[in-house]
Each structure stands twice: as C-alpha cells, then as structure tokens.
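Coordinate analysis (summary)
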Amino acid sequence: METKEIRRNNLRELMVRYAQQGINQNEFAALVESSAPTLSQIIGEKSSRNLGANLAKRIEARLNLPKGDPVPNSV
C-alpha cells in the first residue's frame with residue numbers, strides 16, 4: 001500500500017473515531033486547522049487530493065499523535 005493510501009485510510013479512521021465522540025467533520029477540520037471541503041476531497045471515494053506531508057504533520061501535532069504512527073487504539 002502506498003503512503004497516500006495509508007494516510008487516507010488513517011484520516012478516515014480518525015474522523016470516524018472523532019464522529020463517534022460527537023465531533024462532526026467541520027469541527028474536526030477546525031481541530032486540525034484545515035477545512036471540511038479539503039478533508040472531503042482527501043477521504044472521498046473518488047478522492048481528488050492526497051493528504052500531503054505538511055497536513056499529515058499538522059494533524060499529528062494538533063491531535064497529539066506520535067509522528068508517523070498509524071491510528072492509535074484510543075482517541
């Protein structure tokens with residue numbers, strides 16, 4: 001699996017876990033200092049964007065995730 005696919009899958013999983021805690025896509029986007037449309041373009045079935053290194057690092061930092069770690073067991 002390519003890095004872009006791993007990042008996309010990890011982002012999807014993170015967003016699902018946050019949604020289970022009542023955080024919608026707009027709120028999640030604000031947490032990671034992005035926009036809901038950008039995240040939609042990344043995670044969509046026919047994704048038109050990749051999750052680049054800068055955004056991946058920002059998500060890790062904003063959510064206090066270990067660098068380069070797959071989605072943690074608990075969020």
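The structure reproduced in this document is the subject of the present report. All residue numbers refer to position in the chain's written sequence, counted from 1. Owing to the predicted nature of the model, reporting of local features is limited to residues with pLDDT of at least 70; listing and counting of side-chain atom pairs is limited to 80 or more, with chain, interface and lining totals taken over all residues. With hydrogens and water stripped out, all remaining heavy atoms of the structure feed into the side-chain values.

Some words on the environment of Ser48
- Residue placement: Ser48 occurs in the loop between α3 (36-43) and α4 (53-62).
- Burial classes follow relative accessibility: with a 1.4 Å probe on protein chains only, a residue under 20% of its type's maximum area counts as buried, one over 50% as exposed, and anything between as partly exposed. Classification of Ser48 as exposed rests on a relative accessible area of 57%.
- Along the sequence, Ser48 and Thr38 sit 10 residues apart, while their C-alpha atoms lie 9.4 Å from each other. Numbering of helices and strands starts at the N terminus; helices are DSSP runs of H or I of at least 4 residues and strands are runs of E of at least 2.

Let's talk about unusual backbone geometry
- Although it is not a glycine, Glu33 sits at a positive phi angle of roughly 55 degrees.
- Mapped onto the elements, Glu33 comes out in the loop between α2 (25-31) and α3.
- What makes Glu33 partly exposed here is its relative accessible area of 45%.
- Its identity as a non-glycine residue notwithstanding, Asn64 has a phi of 55 degrees, on the positive side.
- Inspection of the secondary structure puts Asn64 in the segment after α4.
- Relative accessible area serves as the criterion here: at 69%, Asn64 is assigned to the exposed category.

Quick notes on the packing of helix α1 (residues 3-20) against α3
- With axes taken as lines fitted to C-alpha atoms, and helix axes fitted only over the stretch in contact, angles between N-to-C directions fall between 0 and 180 degrees. At a minimum axis distance of 9 Å, the contact between α1 and α3 shows a crossing angle of 125 degrees. If you check the angle between α1 and α3, you find them oblique. With respect to the hand of their crossing, α1 and α3 are arranged in left-handed fashion. Each of Arg8, Leu11, Arg12 and Met15 in α1 lies in contact with α3, whose residues at this interface are Leu39, Ile42 and Ile43.
- Classification used: nonpolar for Ala, Val, Leu, Ile, Met, Phe, Trp, Tyr, Cys and Pro, charged for Asp, Glu, Lys and Arg, polar for all others including Gly. Of the residues belonging to the contact of α1 with α3, the class tally is 5 nonpolar, no polar and 2 charged. Angular relationships are summarised with four words: roughly parallel below 35 degrees, roughly antiparallel beyond 145, roughly perpendicular across 65 to 115, and oblique for the angles in between. Note on convention: near helix rotated counterclockwise from far helix by under a right angle means a left-handed crossing. Clockwise means right-handed. A contact between two residues is defined here by any heavy atoms of the two lying within 4.5 Å.

Re α1
- Given a rise of 1.5 Å per residue, 18 residues ought to cover 26 Å, and the 26 Å separating the end C-alpha atoms of α1 matches this to within 8%.
- For α1, the full list of buried residues reads Arg8, Leu11, Leu14, Met15, Arg17 and Tyr18.
- Buried-residue contacts for α1 involve α2, α3 and α4. Expected span, for any helix, means 1.5 Å times one less than how many residues it has.

With respect to the pattern of salt bridges
- Only one rule defines a salt bridge in this text: a Lys or Arg side-chain nitrogen within 4 Å of an Asp or Glu carboxyl oxygen. Throughout the structure, instances matching the rule amount to 2 salt bridges.
- Where Glu13 meets Arg17, a salt bridge forms, and the shortest distance between an N and an O atom there is 2.7 Å. Residue Glu13 and its partner Arg17 are both found in helix α1; the two are separated by 4 residues, about one turn of the helix.
- Classification of Arg17 as buried rests on a relative accessible area of 19%.
- The salt bridge partner of Arg62 is Glu33, with a shortest N-O separation of 3.5 Å.

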